[in-house]
Amino acid sequence: MPTYTVNSYQEGLFRHSVTLLIAAQTGNLCNLLFQVLMMRRLSVAEYGVLASMLSLVLVVATPLEALRTAAAHQTAMLIRAGHGGDSILLLLKRWAATLLIAALLIFTGGSLISPAVAAFFHLPDVIPVLLTALIMAVSLFNPLFTGALQGAQSFIWMAVQGQAWFIIRFAVAIFLVVYVGQTAVNGLIAHVLGISGSIALGIYALHYIPGMKGKLERPDPAGWNYFLMSLIALSGYAVIMNADIPMVKRFFEPDEAGIFARAATIGRSVIFLTIPVAAAMFPKVVSSGISTMGDRRILVRALLYTSCLIVVFAALCTIAAAPIWYLFTGEHASAEVITLVRWMVWSMAPLGMTFVMLNYEMAQRRFLAPSFMVVLAVIYVSGVSLWHETYAQVLTILTAATVSSMIVMGVASFSGSSRR
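**Things to note about the confidence of the model for the protein**
Part 1 of the argument: Here the protein averages 84 in pLDDT, and 91% of its residues register 70 or above.
Part 2 of the argument: Overall, residues 1-6 carries pLDDT values under 50, and its contacts beyond four positions in sequence, including any with other chains, amount to twelve contacts.

Here is the structure:
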């Protein structure tokens, strides 16, 4: 087992952030190429179908980060206490057995309601909905292995496993879209195979967690409480981050929804830049609920790195909105579309800072402020449901929600009144 000296587990934030950030660029590049491929090969309406289904996946997948945080938190605490090894395997087996039941329920339920969902989103048939349900079911398992690798601070393997599905998805998508058919269904099939490949790699990578042959200790079953609280917090965050495209798909014409989906996909990229920093920070600040000065210093450094990434990326998108749009779509953007892209990027930017502070609070086992994300999500969805005549109305409500989330989490993370 690795032996930690005092606070040695908090070392290397910059190095580990850079490791994950560099690896993430491989995934980001493959994701970019996947989106370019879809936008250029699919019709605007077909891309609207694909984007709306993948946004539904993200609405579910983002809360599943609660499973990653639970696995990471438990793994980090086990290793820090000298009880890693086979205890981690036992922990993961328990989670996997439960997830298998949940996956069967999700796919069965999704299949039963697929006609209603297809009608709600004005889809021609139920196949995209069935594939989306399958993606949701399979995706349950991926965060489990990512979290174990993160908690053990095996960041190299975490980086490889975490980005593998982007690479596999893009490779499969090239074949399917170019040689089989230019449909949203083929994009969804590629997504299923990408996630499946990543899970297989995660199982293999577990053998390389330090001290994996250590003594067997029964894991504390209290992880369910942590998981459920994390799930509530991340569910609210997921809705704020991803519900825009499905709602626009519901309230706007197909071509209008397709244009918005393209702009939203570009804008949402700013959030993914911050994930490596939050992932590297998380296992370094885990606690049972009490912050130390060392924890706060780690948070400040993480926010500094994050803010630099966000400002640089958002400024680049503001300056180069027109060529970026052309890169993705192969089309020249109108003035309205350029404004849409710029607004989308800056409206999503606060969520990057929110995500880092949200992970900090969850690592510290404090869920009061994170749970408020659900309240903001309800207000956001209610607002868009009432006011959706134009893109500007939707984006105004979205911006209010993202800025509010950043303020709430900032007050919680830096006040002395953070509570469990």
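**A short note on the side chain of S55**
Part 1 of the argument: Tracing the sequence through the fold places S55 in helix α2 (residues 44-61).
Part 2 of the argument: The residues touching S55, leaving out its near neighbours within four places in the chain, are N242, I245, P246 and R268.

**A few points about the pattern of salt bridges**
Part 1 of the argument: A complete count under the given rule lists three salt bridges for this structure.
Part 2 of the argument: Two residues, E331 and R262, come together in a salt bridge whose shortest N-O distance is 3.2 Å. Of the two residues, E331 sits in the loop between α14 (321-329) and α15 (335-363) while R262 sits in helix α11 (residues 254-272), which places them 69 residues apart along the sequence.
Part 3 of the argument: For E331, a relative accessible area of 36% puts it in the partly exposed group.
Part 4 of the argument: By relative accessible area, which is 2% here, R262 ends up buried.
Part 5 of the argument: R366 is the partner of E361 in a salt bridge, and the nearest nitrogen-oxygen pair spans 3.0 Å.

**A word on a nonpolar patch on the surface**
Part 1 of the argument: Among the surface-exposed residues, I174, F175, V178, Y179 and V180 lie close enough to one another that they form a single nonpolar patch of about 500 Å² accessible area.
Part 2 of the argument: Mapped onto the fold, Y179 is located in helix α7 (residues 155-180).

**Notes on the packing of aromatic side chains**
Given two aromatic rings, one states the distance between the centres and the angle between the planes to describe the pair.
Part 1 of the argument: Within the structure shown, the criterion is met by ten aromatic pairs.
Part 2 of the argument: Ring centres 5.3 Å apart and planes at 65° place the aromatic pair W95 and F227 in the edge-to-face group. Highlighted residues: W95 in helix α4 (residues 86-120) and F227 in helix α9 (residues 223-242), separated in sequence by 132 residues.
Part 3 of the argument: Owing to a relative accessible area of 5%, W95 belongs among the buried residues under this scheme.
Part 4 of the argument: Residue F227 is classed as buried on the basis of its relative accessible area, which comes to 10%.
Part 5 of the argument: Seen in terms of ring centroids, W157 and Y204 are 5.8 Å apart; in terms of plane orientation they differ by 70°. Their pairing is edge-to-face. Linking W157 in helix α7 with Y204 in helix α8 (residues 184-205), this pair joins segments that are 47 residues apart in sequence.

**Details of α4**
Part 1 of the argument: In a regular helix each residue adds 1.5 Å, so 35 residues correspond to 51 Å; α4 covers 47 Å between its end C-alpha atoms and thus fits that length.
Part 2 of the argument: At I113, α4 shows its largest bend, some 55°, and a proline, P115, comes one to four positions later.
Part 3 of the argument: Among all positions in α4, only S87, I88, L90, L91, L92, W95, L99, A103, G110, S114, V117 and A118 are buried.
Part 4 of the argument: Trailing α4 by a residue or two, H122 shows a phi angle of about 60°, which is positive.

**A closer look at the nonpolar core**
Here is a general trend for soluble globular proteins: nonpolar side chains tend to be buried in one another's company.
Part 1 of the argument: Core analysis: the biggest nonpolar cluster contains 143 residues, and M38, F260, M281 and Y380 have the highest contact counts within it.
Part 2 of the argument: No other element matches α15, which puts 17 residues into this core.

**Section: the environment of W325**
Part 1 of the argument: Relative to the helices and strands, W325 resides in helix α14.
Part 2 of the argument: On the basis of relative accessibility, which here comes to 3%, the residue W325 falls in the buried class.
Part 3 of the argument: When the C-alpha positions of W325 and N142 are compared, they lie 31 Å apart, and in sequence the two are 183 residues distant.

**A word on the environment of K93**
Part 1 of the argument: Within the secondary structure, K93 is located in helix α4.
Part 2 of the argument: The class for K93 is exposed, based on a relative accessible area of 60%.
Part 3 of the argument: Separated by 281 residues in sequence, K93 and V374 place their C-alpha atoms 30 Å apart.

**A few points about the packing of α2 against helix α10 (residues 244-251)**
Helix-helix packing: each pair is described by the crossing angle between the helix axes and the interaxial distance.
Part 1 of the argument: The interhelical angle for the contact between α2 and α10, taken along N-to-C directions, is 135°, at an axis separation of 8 Å. Compared by their axis directions, α2 and α10 come out oblique. Handedness of the crossing formed by α2 with α10: left-handed. Of the residues in α10, those in contact with G48, V49, A51, S52, S55 and L56 of α2 are I245, P246 and K249.
Part 2 of the argument: Grouping the constituent residues of the contact of α2 with α10 by class yields five nonpolar, three polar and one charged.

Definitions and limits used
- Residues numbered from 1 in each chain as written.
- Predicted model: local features only at pLDDT ≥ 70, side-chain atom pairs only at ≥ 80, totals over all residues.
- Heavy atoms only, no water.
- pLDDT = per-residue confidence, 0-100.
- Contact = heavy atoms within 4.5 Å.
- Helix = DSSP H or I, 4+ residues; strand = E, 2+ residues; numbered from the N terminus.
- Salt bridge = Lys/Arg side-chain N within 4 Å of Asp/Glu carboxyl O.
- Buried < 20%, exposed > 50% of the residue type's maximum accessible area, 1.4 Å probe, protein only.
- Patch = residues over 30% accessible without salt bridge, like charges linked within 9 Å, V, L, I, M, F, W, Y side chains within 5 Å.
- Areas by Shrake-Rupley, 256 points an atom, 1.4 Å probe, with all protein chains shown as cover.
- Phe/Tyr/Trp six-rings, centres within 6.5 Å; stacked < 30°, edge-to-face > 60°.
- Expected span 1.5 Å × (residues − 1).
- Bend = angle between axes of the 7 residues up to and from the residue.
- Core = buried A, V, L, I, M, F, W, Y, C linked by side-chain atoms within 4.5 Å.
- Axes fitted to C-alpha atoms, helices over the stretch in contact; angles between N-to-C directions.
- Parallel < 35°, antiparallel > 145°, perpendicular 65-115°, else oblique.
- Left-handed = near helix turned anticlockwise from the far one by under 90°.
- Nonpolar A, V, L, I, M, F, W, Y, C, P; charged D, E, K, R; others polar.

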